[in-house]
Amino acid sequence: MTEVSSKAEPRLQPMVVFLSFAAFGVLWGLYAAALPAIKQRAGASDSELGLALVAVGAAAAPAMLLVGRLLDRWGRPVAIGAVVLFAVMAPLPTLANSVTELVGALLLFGFASGACDVVINSLAANVEGESDIRIMNRAAAVFSAGLLVGSLGTGAVRAFGLEPWTLLVGIGVAVVVGSIALRHRVPQRLVSASSSFKRPARLSRLVVGLGLLAALAAVVESGVQQWSAVFLEEAVNAPAGLSGAAPGVFAGSMALGRLAAHGLSKRISDRQLLLLSGGISCVGVLTIAVSSNALVALVGFAVAGGAISVAGPAVYGVVGRRADPQNRSATIGHTATIAYIGLLLGPVLVGQLASATNLRTAIGSLAVVSVAVCVAALLVPRSNNKTVRQ
């Protein structure tokens, strides 16, 4: 591959990273709030929906492993391609007319989501690693704000009797156009011109441990978030227009939690931040499980979302800052792949427990996982100065 001179290479700006996180968040918010409509259109039961949602994490994991390595080697084309792919695939689950079609749509959605996820986190890690500017929590907060906007948008179109796919298609087109327009703002390579591509070595125990910590947090996050709208409609009998607010409240509180974490990170360690994350999310989950009306449930979603939101960015920040620059994207990809085990298990865990017991008990079980996040936080290094090699 021909090297581009350092003078010709644009420096990756935080604003480009924020825009990529915003686009990812809006599309995910539109999808998450549409799950009740997706479930109804496909004719899926709680158990069938829970199993179908496994496809998202199952397809995302290999995408992250593949795209992380490709991104280190090829840079810009992979980054832009992954964002465009997700924008194109995002509407597919809302068009499924059977459980079989839904599984296929979710596989494509999951693959594209995993590819886009590792790209945007790698872009944020690149800014932190190359300029020593902390943006991971702020970028994640922008994602959550986008998730809020998207979920509220879906709630609004459903309240007016429109199909969610119409909004997903429109926003998807806008993301494709914006990605192509901004492509030259992304460096051709995400490592310096003097650095050569290195094949990633074996995963270290630290990367595996941090990935498992993020996976535990993802179990809580995905389990609560992806079942939140269904919980409001089925457990507390909220109307369709209000049920769409559940993922939005969860996402909005995640944005606030991550902004708060950005300030707290200057005063406390990542380990302490993760202990707070697990402990407070446990309280939020239990509040949801015992709620008797929509207002109390929404308070629980806000508490759980704000707390658990801290875990993922904290882990990716530690890994990204300690990784070899030549393999930073691959390291992020490996960590995220492990974390996606949680995204795979969270929805199906809730779905299967709901089928065996009820949805309240299923959501309440996630409090145990929140406590496990606290325990796993002890794995986080006290210092971020050493380099982590895979």
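Data block above holds the structure.
Structure report, in brief. As the structure is a prediction and not an experimental result, all values here were calculated from the model.

1. A word on the overall build of the chain
Along its length, the chain carries 16 helices and 0 strands. A compact globule built from 390 residues would reach a C-alpha radius of gyration of about 21 Å, and the chain, at 20 Å, matches this within 12%. With respect to the three principal axes, the spread of C-alpha positions in the chain is 60 × 40 × 30 Å. By residue count, 59% of the 390 residues in the chain fall in the buried class. Pairs at least 24 residues apart make up 86% of the contacts formed inside the chain by residues separated by at least 6 positions. Side chains of the chain carry 28 positive and 16 negative charges; the gap between the two charge centres is 11 Å.

2. Considerations on the nonpolar core
Val17, Trp28, Tyr31, Leu232 and Phe301 are the most contacted members of the largest nonpolar core, which has 110 residues in total. The element that contributes the greatest number of residues to this core is helix α5 (residues 99-131), accounting for 13 residues.

3. Side note on the pattern of salt bridges
Under the counting rule described, the total for this entry stands at 2 salt bridges. A salt bridge links Lys39 to Glu234; the shortest N-O distance between them is 3.3 Å. With Lys39 in helix α2 (residues 35-42) and Glu234 in helix α8 (residues 205-234), this pair connects stretches of sequence that are 195 residues apart. The exposure class assigned to Lys39 is buried, which follows from its relative accessible area of 13%. The salt bridge partner of Arg41 is Glu163, with a shortest N-O separation of 3.9 Å.

4. Here's the deal with a nonpolar patch on the surface
A cluster of nonpolar side chains, namely Leu264, Leu276, Ile280, Val283, Leu295, Val299 and Val303, defines an oily patch on the protein surface of about 580 Å² accessible area. Of all the secondary-structure elements, those providing two or more residues to the nonpolar patch are α11 (270-290) and α12 (294-308). Looking at the secondary structure, you find Val303 in helix α12.

5. Comments concerning the environment of Leu152
Its location among the elements puts Leu152 in helix α6 (residues 136-159). The partly exposed category is assigned to Leu152, whose relative accessible area is 44%. Through-space distance from the C-alpha of Leu152 to that of Val310 is 22 Å; in sequence the pair is 158 residues apart.

6. Considerations on the state of the cysteines
Under the defined criterion, the tally for this structure stands at 0 disulfides. Cysteine Cys374 shares no disulfide, and the gap to the nearest cysteine sulfur, in Cys282, comes to 7.7 Å.

Conventions used here
- Residues numbered from 1 in each chain as written.
- Predicted model: local features only at pLDDT ≥ 70, side-chain atom pairs only at ≥ 80, totals over all residues.
- Heavy atoms only, no water.
- Helix = DSSP H or I, 4+ residues; strand = E, 2+ residues; numbered from the N terminus.
- Rg over C-alpha atoms; globule rule 2.2 N^0.38 Å.
- Buried < 20%, exposed > 50% of the residue type's maximum accessible area, 1.4 Å probe, protein only.
- Contact = heavy atoms within 4.5 Å.
- Lys, Arg positive; Asp, Glu negative; His and termini not counted.
- Charge placed at Lys NZ, Arg CZ, Asp CG, Glu CD.
- Core = buried A, V, L, I, M, F, W, Y, C linked by side-chain atoms within 4.5 Å.
- Salt bridge = Lys/Arg side-chain N within 4 Å of Asp/Glu carboxyl O.
- Patch = residues over 30% accessible without salt bridge, like charges linked within 9 Å, V, L, I, M, F, W, Y side chains within 5 Å.
- Areas by Shrake-Rupley, 256 points an atom, 1.4 Å probe, with all protein chains shown as cover.
- Disulfide = S-S within 2.5 Å.

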